[in-house]
Amino acid sequence: MAEDLVITRDTSKEEQYQSIIPQIEALLQGETDFIANLANVAAALKEQFGWFWVGFYLVKHDELVLGPFQGPVACTRISKGKGVCGTSWAEARTIIVPDVDEFPGHIACASASRSEIVLPLIVDGKVIGVLDVDSEVLSKFDETDQLYLEQVIAILLNR
Ligand code: SME
């Protein structure tokens, strides 16, 4: 059963990730339902960091379809190669966007979003979805977020 999370504030980004990641690992321990785990990861990250939007899109046929998330309502379907999410899928790599207005083809699900990081979920060499995090602040995300969010994805994908 889930316990309340211990949320650390007023510490560095690294320390906040180092506090929340073991808790995410514990939260997912013994639960094999992928959607349930995606939902709890989105909730835990939202609770720790207070980001504007955090959630998952999952590859279904030839599109990304909205999965578990926390934040305002969002676009439901994204084509391969479109926007930051579709580009991360097409290129199977993490994309950090310091200013969404500078990213050609950025899909504005919410006009308040200013910066973004999208990481692919890769299983057996195939992208099965992406983790998307949006902020109302410019240049919110960097390599530190990439490093730790990759760890979160590794926990989710059990490797
Ligand atoms: N901005 C994303 C679309 C998803 S929403 O931000 C939740 C993109 O360009 O792919």
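Analysis parameters
- Residues numbered from 1 in each chain as written.
- Predicted model: local features only at pLDDT ≥ 70, side-chain atom pairs only at ≥ 80, totals over all residues.
- Heavy atoms only, no water.
- Helix = DSSP H or I, 4+ residues; strand = E, 2+ residues; numbered from the N terminus.
- Rg over C-alpha atoms; globule rule 2.2 N^0.38 Å.
- Buried < 20%, exposed > 50% of the residue type's maximum accessible area, 1.4 Å probe, protein only.
- Near = heavy atom within 4 Å.
- Polar contact = N/O pair within 3.5 Å; in protein donor to acceptor, adjacent residues only side chain to side chain.
- Areas by Shrake-Rupley, 256 points an atom, 1.4 Å probe, with all protein chains shown as cover.
- Nonpolar A, V, L, I, M, F, W, Y, C, P; charged D, E, K, R; others polar.
- 1 Å grid on protein atoms, 1.4 Å probe; cavity = no way out; pocket = protein on both sides within 12 Å on 5 of 7 lines; lining within 4 Å.
- Points joined across faces, edges and corners; volume = space filled by probe spheres on them.
- UniProt positions renumbered as here; feature names shortened; annotations may be inferred.
- Pairing = 2+ DSSP bridges.

Within the protein chain, the secondary structure is distributed over 4 helices and 6 strands. Ordering the α and β elements of the protein chain from the N terminus gives α-α-β-β-β-α-β-β-β-α. Computed over C-alpha atoms, the radius of gyration of the protein chain comes to 15 Å, within 12% of the 15 Å expected from 2.2 N^0.38 for 159 residues, which places it in the range of a compact globule. By residue count, 46% of the 159 residues in the protein chain fall in the buried class.

Below, the discussion takes up the site of the ligand. Taken together, 13 residues lie around the ligand, and Val84, Cys85, Ile107, Glu116 and Asp134 are the ones closest in. One nitrogen or oxygen atom from the side chain of Asp132 is found 3.5 Å from an oxygen atom belonging to the ligand. Residue Asp134 places a side-chain N or O atom 2.6 Å away from an oxygen atom belonging to the ligand. If the ligand stood free it would expose 300 Å²; the protein chains cover 99% of that surface. Listing elements by their share of the shell around the ligand, those giving two or more residues are β1 (53-60), α3 (83-91) and β6 (126-135). Among the elements that line the shell around the ligand, the one with the most residues is α3, at 3 residues. Broken down by class, the residue content of the shell around the ligand amounts to 8 nonpolar, 2 polar and 3 charged.

Here the largest pocket is characterised by a volume of approximately 200 Å³. As for the largest pocket, its lining consists of Glu25, Leu28, Gln29, Gly30, Glu31, Thr32, Asp33, Phe34, Asn37, Ile155, Leu156 and Asn158. Within the lining of the largest pocket, the residues separate by chemical class into 4 nonpolar, 5 polar and 3 charged.

As a further point, take the UniProt feature "domain: GAF" (unreviewed entry) in the protein chain. Here, the residues flagged by UniProt with the feature "domain: GAF" (unreviewed entry) are residues 40-152. Helix makes up 26% of residues 40-152 and strand 36%, whereas the separation of the span's terminal C-alpha atoms amounts to 12 Å.

Here we take up the pairing of β6. Most of β6 is tucked away, with 8 of its 10 residues classed as buried. Bridging between β1 and β6 involves 6 bridges; their strand directions are antiparallel. Looking across to β6, one finds that Trp53 is bridged to Asp134. Relative to β6, strand β5 (residues 115-123) runs antiparallel, the two being bridged by 9 bridges.

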